[in-house]
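Chain by chain, the residues run as shown.
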Amino acid sequence: CKRKSRLLEEKSGGFLMSNFINKIKSIKHVEFSKGATKEQVRDAEKTLQLKFPKDYSDYLNVFGCISFFGTEWTGLNGADYLNVVDATAEARETYSDFPINMFIIEDLGFDGYLILSNTKGDIFEWQHGNCTKIYTSLEDYLNECLERID
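S.K.: Please give an account of the layout of surface pockets that cites residues and values.
M.R.: By volume, the largest pocket amounts to about 320 Å³. Taken together, 14 residues line the largest pocket, and the ones lying closest to its centre are Ala87, Glu90, Ile104, Asp107 and Leu114. If you list the elements that add at least two residues to the lining of the largest pocket, you get α4 (84–94) and β6 (102–107). Per element, the largest residue contribution to the lining of the largest pocket is five residues, and it comes from α4.

S.K.: Just give me the short version of the nonpolar core, but keep the residues and values in it.
M.R.: Counting 33 residues, the largest nonpolar core has Ile24, Phe52, Tyr56, Tyr59 and Trp73 as its most contacted members. Listed by contribution, the elements that provide at least two residues to this core are α1 (19–25), α2 (38–48), α3 (54–63), β4 (66–68), α4, β6 and α5 (138–148). Ignoring any residue separated from it by four or fewer positions in sequence, one finds Ile24 in contact with Val30, Tyr59, Phe63, Ile66, Trp73 and Leu142.

S.K.: So what's going on with the pairing of β6? Which residues, and what values?
M.R.: Of all six residues in β6, five are buried; the element is thus mostly enclosed. With five bridges connecting them, β6 and strand β7 (residues 114–118) associate as antiparallel partners. Opposite Asp107, over in β7, you have Leu114 as the bridge partner. Counting the residues that bridge the hairpin from β6 to β7 gives six residues, and of these Gly109 lies at a positive phi of roughly 80 degrees.

S.K.: Lay out the sheet that holds strand β8 (residues 123–127) with the relevant residues and their values.
M.R.: Strand order in the open sheet formed by four strands is β6-β7-β8-β9, with antiparallel pairing between adjacent strands. One side of each edge strand has no neighbouring strand; the edge strands of this open sheet are β6 and β9 (130–135). Across the sheet, the mean angle separating the axes of adjacent strands is 35 degrees when strand polarity is ignored. Where β7 lies against β8, four bridges are found, and the strand directions are antiparallel. Its bridge partner being in β8, Leu114 is matched across the sheet by Trp126. Against the sheet, α4 engages β6 and β7, with an angle of about 105 degrees to β6. Packed on one face of the sheet, α5 meets β6, β7, β8 and β9 and runs near 15 degrees to β6.

The rules behind each value
Residues numbered from 1 in each chain as written. Predicted model: local features only at pLDDT ≥ 70, side-chain atom pairs only at ≥ 80, totals over all residues. Heavy atoms only, no water. 1 Å grid on protein atoms, 1.4 Å probe; cavity = no way out; pocket = protein on both sides within 12 Å on 5 of 7 lines; lining within 4 Å. Points joined across faces, edges and corners; volume = space filled by probe spheres on them. Helix = DSSP H or I, 4+ residues; strand = E, 2+ residues; numbered from the N terminus. Core = buried A, V, L, I, M, F, W, Y, C linked by side-chain atoms within 4.5 Å. Buried < 20%, exposed > 50% of the residue type's maximum accessible area, 1.4 Å probe, protein only. Contact = heavy atoms within 4.5 Å. Pairing = 2+ DSSP bridges. Axes fitted to C-alpha atoms, helices over the stretch in contact; angles between N-to-C directions.

Laid out in structure tokens, this is it:
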């Protein structure tokens, strides 16, 4: 049986911890809410009518949502404005050209710039209908966020 190199032996919440999750845990002064249950994640997916990629689901299960050094990612069990369901639903109502198969990872808070993910885990920068793929994983986007604080 082959083991994926991205997985570590540390267990938490019944699943193996990925490098991505451990990288978030190692961020100095990271703040997070309460991890979401599998039922909460399923309910969010049902409401948004999409399936979260595995790395985002794992993130939700462990952290709920996170904030560090001015970076605030959407999630569950946090402040209302960081709720992934509410933020994405509001964007869908506000912008007629908001992609229905994506959800908000981060609202950059200026000029309508949003960071989105599709169901495959690709990360996009979106502004008023212009959507550009910037990364192929949430971990790659996390690396960019961490570079902002160096």
